[in-house]
Amino acid sequence: MTLVLIVCIVLAILGLTVSKNNIFSPSVITPVVWIVVLLLFVALPHDLPPLSWQFFGSLLLWVTMMCLGAMFTQSFRYRVSVSEPSQLIRDIFFWVSIATFPLLLLFVKEALQTGETGNWAMDLRLAAIGKTSTFKEVYGGLYIIVWQVAYLIELFYYSKKNRYRVIILGLMFLALGVGTMSKTILLEFILKTVGILFFKNKVKVKHLVGTLAVLLVAFVVMQSMRYNSSVGALDRKSFLITYVVGNTSAFDTLEPNSSTHCGENVFRMYYAISNKLGLSDVKPVDPILPFIYKPLETNTYTAMYPFFKDFGYWGVGVFALLYGLLFGWIFRCAQEGSPMFIILNAIIIPIVVMQYVGDVFITNLSGYIKQIILLALPFVFSYRRKLSSPPSQ
């Protein structure tokens, strides 16, 4: 563990240097996240077994290749567009969001009415992830992606003129997290919001730390409501062990190259499309991973899970490098001042932060493709209109 911590510290310092002290660089977030996780593993009292070389070896590959890839693409300058988004598309996004918000309210109402556990919080959660006979997973709706993209665009252009839009869309985003009892959505809301405000020099690191501390308490309260336990019974230490530290031990239970079909986790989207079109009999793997019960009850195995399970150590190294190259390029374009890339960088910040839990990007690839298309739409529309306008005399 000492070697891994030293490597992470060195990479964090290098990442800060290359990123000009911007903490939201993927080459900074990645090693810092794992420094925190490893220190918590040592500091918190638990009965988890010692981590094996399988985890440490994979983590060394993952962090090193991710950071080197990010620092490589961050080392160049790129020509980016600084055009403003179309006001017409912004208006459409906002009013579509308002018009579709009742769908969430309807979901909450029906989930509570048909719930079978007797616990309203658990009924909402099970309905949200499609684990009831009545509902499919609620997150698949395109309208929810519109809400989030609309909020981020309006937040970036916050002014007295549009502040009510920012407030309304922000409350809708929060309502989605509460209505589905999703800690992940609430964390995404905070990280995306702070990510944009940090680039606009509206918040400092101390604000982020304070916000995350409050969020931790909120998560513990949400978890206690879902399991009908008191906040004292489910304290912050046990919460951190289950949801932060335990993922590392869960990774040690995996077998490399053990997937039934080639790349079934990494290329889940391909299997889903080919199966739906009748081109293949292979069904896509369930994005909600199977639970294990030893050394702890969990179904999260860190972001290395799909790559390690499908392709072993090679998969971990290669895909970490690809992630680093992509995320580093997006971050560098954001540093060049492109509004679209600043917002896009805010979208990927939760992906990078939550790597200690599991892979978010590949698992939800279709959703991220939709987000990118919707985000690009108002900027492309504005740019094309600018090109088609006659030059001023």
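The structure we're discussing is the one just above.
An account of the accompanying structure is given in this report.

## Re the overall build of the protein chain
Of the regular secondary structure elements, the protein chain holds 14 helices and zero strands. Considering only residue pairs separated by 6 or more positions, the protein chain has 74% of its internal contacts joining residues 24 or more positions apart. For the protein chain, the exposed area adds up to about 19300 Å²; of that, 66% sits on carbon and sulfur atoms.

## Comments concerning a nonpolar patch on the surface
Together, Trp95, Ile98, Tyr164, Ile167, Ile168 and Leu171 line one region of the surface with nonpolar side chains, adding up to about 630 Å² of accessible area. Counting only elements with at least two residues in the nonpolar patch, the list comes to helix H4 (87–114) and helix H7 (163–179). Within the fold, Trp95 resides in helix H4. With a relative accessible area of 53%, Trp95 lands in the exposed category.

## Here we look at the nonpolar core
Inside soluble globular proteins, nonpolar side chains tend to come together where they are buried. If you look at the biggest cluster of nonpolar residues, it comprises 114 residues, and the most contacted ones within it are Trp34, Phe55 and Trp62. Contacts of Phe55, omitting those with residues within four sequence positions, involve Trp34, Leu38, Thr248, Phe251, Asp252 and Met304.

## Topic: the packing of H7 against helix H8 (residues 183–199)
Taken N-terminus to C-terminus, the directions of H7 and H8 make an angle of 150°; their axes are 8 Å apart at the nearest point. On the basis of the axis angle, H7 is roughly antiparallel to H8. The segment H7 lies against H8, with Gly170, Phe173, Leu174, Leu176, Gly177 and Val178 engaging Ile185, Leu186, Phe189 and Lys192. Taken together, the residues that form the contact of H7 with H8 break down as seven nonpolar, two polar and one charged.

## Re the pattern of salt bridges
Counted under the stated rule, the structure contains six salt bridges. A salt bridge links Arg77 to Glu336; the shortest N-O distance between them is 3.3 Å. With a gap of 259 residues between them, Arg77 in the loop between helix H3 (53–74) and H4 and Glu336 in the loop between helix H12 (305–335) and helix H13 (339–353) connect regions that are remote in the sequence.

## Focus on H3
Its 22 residues place the ends of H3 31 Å apart at the C-alpha level, agreeing with the 32 Å of an ideal helix rising 1.5 Å per residue. Where H3 begins, the side chain of Ser52 points an oxygen toward the backbone nitrogen of Gln54, at a separation of 3.2 Å.

## Observations regarding the side chain of Lys309
Within the secondary structure, Lys309 is located in helix H12. Of the side chains with opposite charge, Glu264 comes closest to the buried, unpaired Lys309, at an N-O distance of 4.8 Å. Not counting residues within four places of it along the chain, the set of residues in contact with Lys309 comprises Glu255, Pro256, Asn257, Ser258, Ser259 and Asn265.

## Here we look at the side chain of Glu264
Topologically, Glu264 is positioned in the loop between helix H10 (236–251) and helix H11 (268–276). Within the local environment of Glu264, its side chain forms a polar contact with the backbone nitrogen of Thr260, the two atoms lying 3.3 Å apart. Setting aside residues no more than four positions away along its own chain, Glu264 makes contact with Ser259, Tyr271, Val285 and Asp310.

## Some details on the packing of aromatic side chains
Taken as a whole and judged by the stated rule, the model has 28 aromatic pairs. Geometrically, the ring pair formed by Trp62 and Tyr323 is edge-to-face, given 6.0 Å between the ring centres and 80° between the ring planes. Of this pair, Trp62 sits in helix H3 while Tyr323 sits in helix H12; the two residues are 261 residues apart in sequence, bridging distant segments of the chain. No difference in accessibility class separates Trp62 from Tyr323, as the two residues are buried. An aromatic cluster of three or more residues is present, and its members are Trp62, Phe267, Phe307, Phe311, Phe319, Tyr323, Phe327, Phe361 and Tyr368. Note that Lys183 overlies the ring of Tyr243, its terminal NZ or CZ placed 4.7 Å from the centroid. When the ring centre of Phe156 is taken as reference, the NZ or CZ atom of Lys200 above it lies at 4.4 Å.

## Focus on the state of the cysteines
Within this structure, the stated rule accounts for zero disulfides. Cys67 takes part in no disulfide bond, and the closest cysteine sulfur, belonging to Cys8, lies 7.5 Å away. For Cys67, a relative accessible area of 0% corresponds to the buried category.

## Digging into unusual backbone geometry
Cis geometry is found at the peptide bond from Lys294 to Pro295, where omega equals 5°. With respect to the helices and strands, Pro295 occurs in the loop between H11 and H12. Even without being glycine, Lys20 reaches a positive phi, approximately 60°. Tracing the sequence through the fold places Lys20 in the loop between helix H1 (2–18) and helix H2 (26–43).

Cut-offs and rules
- Residues numbered from 1 in each chain as written.
- Predicted model: local features only at pLDDT ≥ 70, side-chain atom pairs only at ≥ 80, totals over all residues.
- Heavy atoms only, no water.
- Helix = DSSP H or I, 4+ residues; strand = E, 2+ residues; numbered from the N terminus.
- Contact = heavy atoms within 4.5 Å.
- Areas by Shrake-Rupley, 256 points an atom, 1.4 Å probe, with all protein chains shown as cover.
- Patch = residues over 30% accessible without salt bridge, like charges linked within 9 Å, V, L, I, M, F, W, Y side chains within 5 Å.
- Salt bridge = Lys/Arg side-chain N within 4 Å of Asp/Glu carboxyl O.
- Buried < 20%, exposed > 50% of the residue type's maximum accessible area, 1.4 Å probe, protein only.
- Core = buried A, V, L, I, M, F, W, Y, C linked by side-chain atoms within 4.5 Å.
- Axes fitted to C-alpha atoms, helices over the stretch in contact; angles between N-to-C directions.
- Parallel < 35°, antiparallel > 145°, perpendicular 65-115°, else oblique.
- Nonpolar A, V, L, I, M, F, W, Y, C, P; charged D, E, K, R; others polar.
- Expected span 1.5 Å × (residues − 1).
- Polar contact = N/O pair within 3.5 Å; in protein donor to acceptor, adjacent residues only side chain to side chain.
- Lys, Arg positive; Asp, Glu negative; His and termini not counted.
- Phe/Tyr/Trp six-rings, centres within 6.5 Å; stacked < 30°, edge-to-face > 60°.
- Lys NZ or Arg CZ within 6 Å of the ring centre and 35° of its normal.
- Disulfide = S-S within 2.5 Å.

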